[in-house]
Amino acid sequence: MDITSRYNDIEILGKGSVATVVKSVDIESNTYVVIKKWNHYFSSSFIEATILYLLLDTDPFHPGYNHVIHIIDHIEEEDQSRVSIVLPLYEGTLLDLIMKYPFGMPEEMVRNLGKQMCLAVSYSHFCSVFHGDIKPENFMLRCKDDTSNIKLIDFGLSKDYSG
C-alpha cells in the first residue's frame with residue numbers, strides 16, 4: 001500500500017539519523033496519527049513493528065497493557081526494505097512535564113506517574129520484551145498536562161526474548 005493513499009502528512013515532529021516522525025491525518029477515519037518513517041533500510045523497522053503487534057495482542061487484561069503504545073497500522077515500502085509504523089498522536093512527553101517543575105513535581109503526581117511507568121515495563125517484560133531505552137522522552141502524555149494515562153513508546157532498541 002502506498003502510504004500517501006491513506007495518510008496525509010501535516011508536519012515533521014522530529015527527525016533523527018534513523019527515523020523521521022511525522023504528524024499525519026488518516027483519511028479514512030479523519031483522525032490525527034503519528035507515522036514513524038525510517039530514513040534508510042533498517043531491519044529494526046520490521047523488528048519494532050513485530051514487537052508492537054506482540055504488545056498489542058498478548059494480554060489486554062494485564063494492568064500495564066494500556067501503558068504501552070498500541071500500533072494502529074504499518075505500511076511496507078514497495079521494495080520491502082522497511083516499514084513505516086502508524087501510531088496514535090500524543091501531545092507531550094514526560095520530560096516536557098518534568099521540566100515544568102524546576103523545584104520538583106508534587107509527590108502524588110510522582111507516585112501516579114511512577115506506578116504507570118512500572119506497569120508499562122511490567123507488561124513489556126510479561127510479553128518477554130525488554131525495551132532498552134527507558135527515559136522520560138519515551139513516555140508520552142495524551143495532552144501536555146494529562147498524567148492520567150502515560151504510554152511507553154519507541155521500541156526501536158527493544159529485544160524480544162520470547163523464544
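Relevant structure appears above.
Keep in mind it's a predicted model, so treat the numbers as computed, not measured. (Residues numbered from 1 in each chain as written. Predicted model: local features only at pLDDT ≥ 70, side-chain atom pairs only at ≥ 80, totals over all residues. Heavy atoms only, no water.)

Q: Explanation requested: the nonpolar core in the structure shown.
A: Membership of the largest hydrophobic core comes to 29 residues, with the highest contact counts inside it found for L52, L55, I85 and F155. Of all the elements in the fold, those that place two or more residues in this core are α1 (43–57), β5 (83–88), α2 (94–99), α3 (107–126) and β8 (139–141). Look past the residues within four positions of L55 in its chain and what remains in contact with it is Y65, V68, Y123, S124, C127, V129 and F155. (Core = buried A, V, L, I, M, F, W, Y, C linked by side-chain atoms within 4.5 Å. Buried < 20%, exposed > 50% of the residue type's maximum accessible area, 1.4 Å probe, protein only. Helix = DSSP H or I, 4+ residues; strand = E, 2+ residues; numbered from the N terminus. Contact = heavy atoms within 4.5 Å.)

Q: Help me understand α3 in this model?
A: Two residues of an α-helix separated by three or four positions point the same way, owing to the 3.6 residues in each turn. Between its first and last C-alpha, α3 extends 28 Å over 20 residues, near the 28 Å set by a 1.5 Å rise per residue. Of the residues making up α3, those classed as buried are M109, L113, Q116, A120, Y123 and S124. Down the axis, α3 shows its buried residues gathered within 105° of arc, on one side only. Turned more than 90 degrees off the buried face of α3, the exposed positions are E107, E108, K115 and C118. Note on α3: the residue one or two positions beyond its end, S128, has a positive phi of about 65°. (Expected span 1.5 Å × (residues − 1). Arc of directions from axis to C-beta.)

Q: In this structure, what is going on with the packing of aromatic side chains? I would like to understand it.
A: The geometry of an aromatic ring pair comes down to the distance between the two centres and the angle between the two planes. What the rule picks out here adds up to three aromatic pairs. Centre to centre, the rings of Y65 and Y123 are 5.6 Å apart; their planes meet at 90°, and the pair counts as edge-to-face. Linking Y65 in the loop between α1 and β4 (73–76) with Y123 in helix α3, this pair joins segments that are 58 residues apart in sequence. Judged on exposure class, the residue Y65 and its partner Y123 are both buried. Between Y123 and F126, the ring centres sit 6.3 Å apart and the planes meet at 25°, which makes this aromatic pair stacked. Remark: F126 and Y123 occur in helix α3; sequence separation between them is three residues, near one turn of the helix. You can call Y123 buried: its relative accessible area is 0%. Residue classification places F126 among the partly exposed positions, given a relative accessible area of 45%. We note K23 situated over the ring of Y32; from NZ or CZ to the ring centre the distance is 4.6 Å. (Phe/Tyr/Trp six-rings, centres within 6.5 Å; stacked < 30°, edge-to-face > 60°. Lys NZ or Arg CZ within 6 Å of the ring centre and 35° of its normal.)

Q: What's the story with the sheet that holds strand β9 (residues 151–152) in this structure? I'm lost.
A: Sheet strands associate in pairs through backbone hydrogen bonding, adopting either a parallel or an antiparallel arrangement. Spatially, the three strands line up as an open sheet ordered β6-β8-β9, and their pairing is antiparallel. Because the sheet does not close on itself, it has two edges, and the strands there are β6 (92–93) and β9. As paired strands, β8 and β9 are joined by two bridges and run antiparallel to one another. Its bridge partner lying in β9, F139 is registered against L152. (Pairing = 2+ DSSP bridges.)

Q: Whenever I open this one, unusual backbone geometry confuses me. Can you help?
A: Excluding glycine, most residues fall at negative phi; most peptide bonds, likewise, are trans. The phi dihedral of S128 falls on the positive side, at around 65°, and the residue is not glycine. Within the secondary structure layout, S128 lies in the loop between α3 and β7 (129–130). Residue classification places S128 among the partly exposed positions, given a relative accessible area of 23%. Within the chain, D154 stands out as a residue other than glycine whose phi angle is a positive 55°. In this structure, D154 sits in the loop between β9 and β10 (159–160).

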